[in-house]
Amino acid sequence: MAYTIKSGQAAKQPSDCLIIGLYQNGDMTPSTESINKLCGGQIKKWFESGDINGALGKTQIFHGLKQVTAPRILVVGLGDEKKLTLVKYKKAFSLSMSALKNSGAKSAHHCLTEITINGVDEEEVFRQAGIMAQASQYQYQLFKSKKKKPEAKPLALSFQSNGQSASKSATAALNQGQAIGNGVNVARDLGNHPSNLCTPGYLADEAKKLAKKYTAITTQIIEEKQMAKLGMGAFLSVSKGSDLPGKLIVMKYQGPGTGKGAQQDKPIVLVGKGVTFDSGGISLKPGAAMDEMKYDMCGAASVFGTINAVAEMKLPIHMIAVVAAAENMPSGGASKPGDIVTTMSGQTVEILNTDAEGRLVLCDTLTYVERFKPRAVVDIATLTGACVVALGSHASAVYSNNETLQQSLLDAGTSSADRGWAMPLWDDYQELLNSPFADMANIGGKAAGTITAACFLSRFTKKYNWAHIDIAGTAWRSGKAKGATGRPVPMLTQYIMSRCES
Ligand code: BES
Ligand code: MN
Ligand code: ZN
């Protein structure tokens, strides 16, 4: 569905609901101000009487303002104007969409896009609006036998521009946002899908479907037999514990204008951890919240979401999405603590804990992708519980062996309100991985668990520019609002977009 941008008087825009912003000190955004004037100071009166307070994300619906064409007006709190950031804007925007969904409105004119945020350009605001508008329409109710009333049609939305007319770049950014939002929803769908259905084979089939949908994408599946030939002993040590065969999934996207041998054409490779269920293996996890380990393929899901968004936008870039898909299960055929395996790189690993399986499937995949002579490789993984302890659910951990690459990812995260935080990869941490019997152990002990996991991967990525994003805290939410978030699709897509320019 196409969203539109409109300029001119917001009060006269025809829709079921007009959405306007208000700061916590009562200051108004341009449309709010003009409506307040038109209505004889009505909004100011509501503020003074405490009906609305402007706290960040607080929403209130009013009916029947005669001077406003829309029958409803939804006032959204924006908090402290001086402290407004893109992340806070995203929160306010998202809560406005929830309030809208819970109202009877089928269409809306959204005025939050007219506001200016310090240090944020208009394009970023419109792109974010596109992402949120699309992502807010997401629901996963495949397995509810009594479906909630399916929303017959997606909400029709228009957005306010504060200029004389919608700028070309704002329109483009809104459309990009929509594609990114679709990518976010793809990632959420895959993440939420239960592991009895979302198996390595299912992910391989999804990759094949993608190649049918987009001519710019070709898909190749590497089966276990081939992996054995390649010497991927670490990957196979995980998948052999499951009845389901592991799959190495390769999706190549060749954007318009690429493929002519220019330096630019060297691919950006994204590698996703696709552990479709992580029981821990013989080092079995405790029972509490074990269901959430169906989300252990959210790195893979984000890679799928990103390639979808990139293909939808037809970005002029060469990118390769690779998914390491396997299930981590205990069985008579499973690896045991103390087992030693040889990786594709030739380095040997002592598996001290079979629950540190993500790095085992990833290390061989990271060696495999050397063949693409990549411009950069970024892996995305729900790799460690320790990352959740360190950063919680607000930032993904970003590691890299190249500062420029690391900074590009952090910048992409800032500009898409999908933030990352730089973490160290100092040599000092490496010795925690020492093993008396093999070249390294697969765990580093209690201290700095998210860092030692990244250090493990760094031993397999010396031949190219590489970054690792630990999304264990950001990929899904627990508790009442349990569900995949689709992160870090916005960060990754923004990063790819920035690579199209340089
Ligand atoms: N998939 C988990 C990491 C995880 C755990 C993510 C909980 C989000 C929430 C990973 O495979 C794992 O089990 N890691 C272990 C590593 C340990 C054995 C060194 C962990 O974090 O406990
Ligand atoms: Mn594990
Ligand atoms: Zn895992």
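You'll find the structure just up there.
This section reports on the structure supplied with the text. (Residues numbered from 1 in each chain as written. Chains lettered and ligands numbered in written order. Predicted model: local features only at pLDDT ≥ 70, side-chain atom pairs only at ≥ 80, totals over all residues. Heavy atoms only, no water.)

### Some details on the coordination of the zinc ion (ligand 3)
In step 1: Protein-derived ligands of the zinc ion (ligand 3) are Lys 273 (NZ), Asp 278 (OD), Asp 296 (OD) and Glu 357 (OE), with the metal-ligand distances lying across 2.0 to 2.4 Å.
In step 2: Separation of the zinc ion (ligand 3) from the manganese ion (ligand 2) amounts to 3.1 Å, with Asp 278 serving as a shared donor to the pair. (Donors = N, O, S within 2.8 Å, 3.2 Å for Na, K, Ca; no water.)

### Quick notes on the packing of aromatic side chains
In step 1: In the structure shown here, the tally under the stated rule is nine aromatic pairs.
In step 2: Note on Phe 93 and Phe 159: the rings are 6.4 Å apart at their centroids and 25° apart in plane angle, and the pair reads as stacked. Of this pair, Phe 93 sits in helix H3 (residues 86-101) while Phe 159 is found in strand S6 (residues 156-160), placing the two residues 66 residues apart along the sequence. Of the two residues, Phe 93 and Phe 159, neither departs from the other in class, the shared state being buried.
In step 3: Ring centres of Tyr 368 and Phe 372 lie 6.1 Å apart, and the angle between their planes is 80°; this geometry places the pair in the edge-to-face category. (Phe/Tyr/Trp six-rings, centres within 6.5 Å; stacked < 30°, edge-to-face > 60°. Helix = DSSP H or I, 4+ residues; strand = E, 2+ residues; numbered from the N terminus. Buried < 20%, exposed > 50% of the residue type's maximum accessible area, 1.4 Å probe, protein only.)

### A look at the state of the cysteines
In step 1: Tallied over the full model, the rule gives zero disulfides.
In step 2: Free of any disulfide, Cys 17 has its nearest neighbouring cysteine sulfur in Cys 111, separated by 9.9 Å.
In step 3: Note on Cys 387: no disulfide assigned, nearest cysteine sulfur contributed by Cys 298 at a separation of 13 Å. (Disulfide = S-S within 2.5 Å.)

### A few points about the packing of helix H4 (residues 122-135) against helix H5 (residues 168-192)
In step 1: Two elements in contact, H4 and H5, have axes separated by 6 Å at closest approach and are oriented at 35°. The interaxial crossing formed by H4 with H5 has right-handed handedness.
In step 2: Across the contact of H4 with H5, the residue classes break down as eight nonpolar, nine polar and four charged. (Axes fitted to C-alpha atoms, helices over the stretch in contact; angles between N-to-C directions. Left-handed = near helix turned anticlockwise from the far one by under 90°. Nonpolar A, V, L, I, M, F, W, Y, C, P; charged D, E, K, R; others polar.)

### Regarding the coordination of the manganese ion (ligand 2)
In step 1: Coordination of the manganese ion (ligand 2) by the protein involves Asp 278 (OD), Asp 355 (O), Asp 355 (OD) and Glu 357 (OE), with metal-donor separations of 2.1 to 2.2 Å.
In step 2: For the manganese ion (ligand 2), the six donor atoms in the first shell make angles of 71 to 169° at the metal, so the coordination geometry reads as irregular.
In step 3: In the primary sequence, the donor residues of the manganese ion (ligand 2) line up as D-x76-D-x1-E.
In step 4: According to the relative accessible area criterion, Asp 355 is partly exposed, its value standing at 22%. (Tetrahedral: all angles 85-135°; square planar, octahedral: opposite > 155°, others 65-115°.)

### A closer look at unusual backbone geometry
In step 1: With an omega of 0°, the peptide bond running from Arg 487 to Pro 488 counts as cis.
In step 2: Tracing the sequence through the fold places Pro 488 in the loop between strand S19 (483-484) and helix H14 (489-499).
In step 3: In this model, Ala 417 sits at a positive phi of 55°, which is unusual for a non-glycine residue.
In step 4: Looking at the secondary structure, you find Ala 417 in the loop between helix H12 (403-415) and strand S15 (420-422).

### With respect to the environment of Gly 130
In step 1: Turning to its location among the elements, Gly 130 is positioned in helix H4.
In step 2: Linking Gly 130 and Asn 175, residues 45 residues apart in sequence, is a C-alpha distance of 6.6 Å.
In step 3: When neighbours within four sequence positions are excluded, Gly 130 is seen to be in contact with Tyr 3, Leu 174, Gly 177 and Gln 178. (Contact = heavy atoms within 4.5 Å.)

### Details of the environment of Arg 127
In step 1: Assignment of secondary structure puts Arg 127 in helix H4.
In step 2: Separated by 77 residues in the primary sequence, Arg 127 and Ala 204 place their C-alpha atoms 31 Å from one another.
In step 3: Other than its neighbours up to four places away in sequence, Arg 127 contacts Ala 173, Leu 174, Gln 176, Gly 177, Ile 180, Ser 415, Gln 494 and Met 497.
In step 4: Of note is the side chain of Arg 127, whose polar atom sits 3.3 Å from the side chain of Gln 494. (Polar contact = N/O pair within 3.5 Å; in protein donor to acceptor, adjacent residues only side chain to side chain.)

### As for the sheet that holds strand S16 (residues 440-441)
In step 1: The three strands lie next to each other as S11-S12-S16, forming an open sheet whose pairing is mixed. Bordering the open sheet on either side are strand S11 (339-342) and S16, each of which pairs with just one other strand. (Pairing = 2+ DSSP bridges.)

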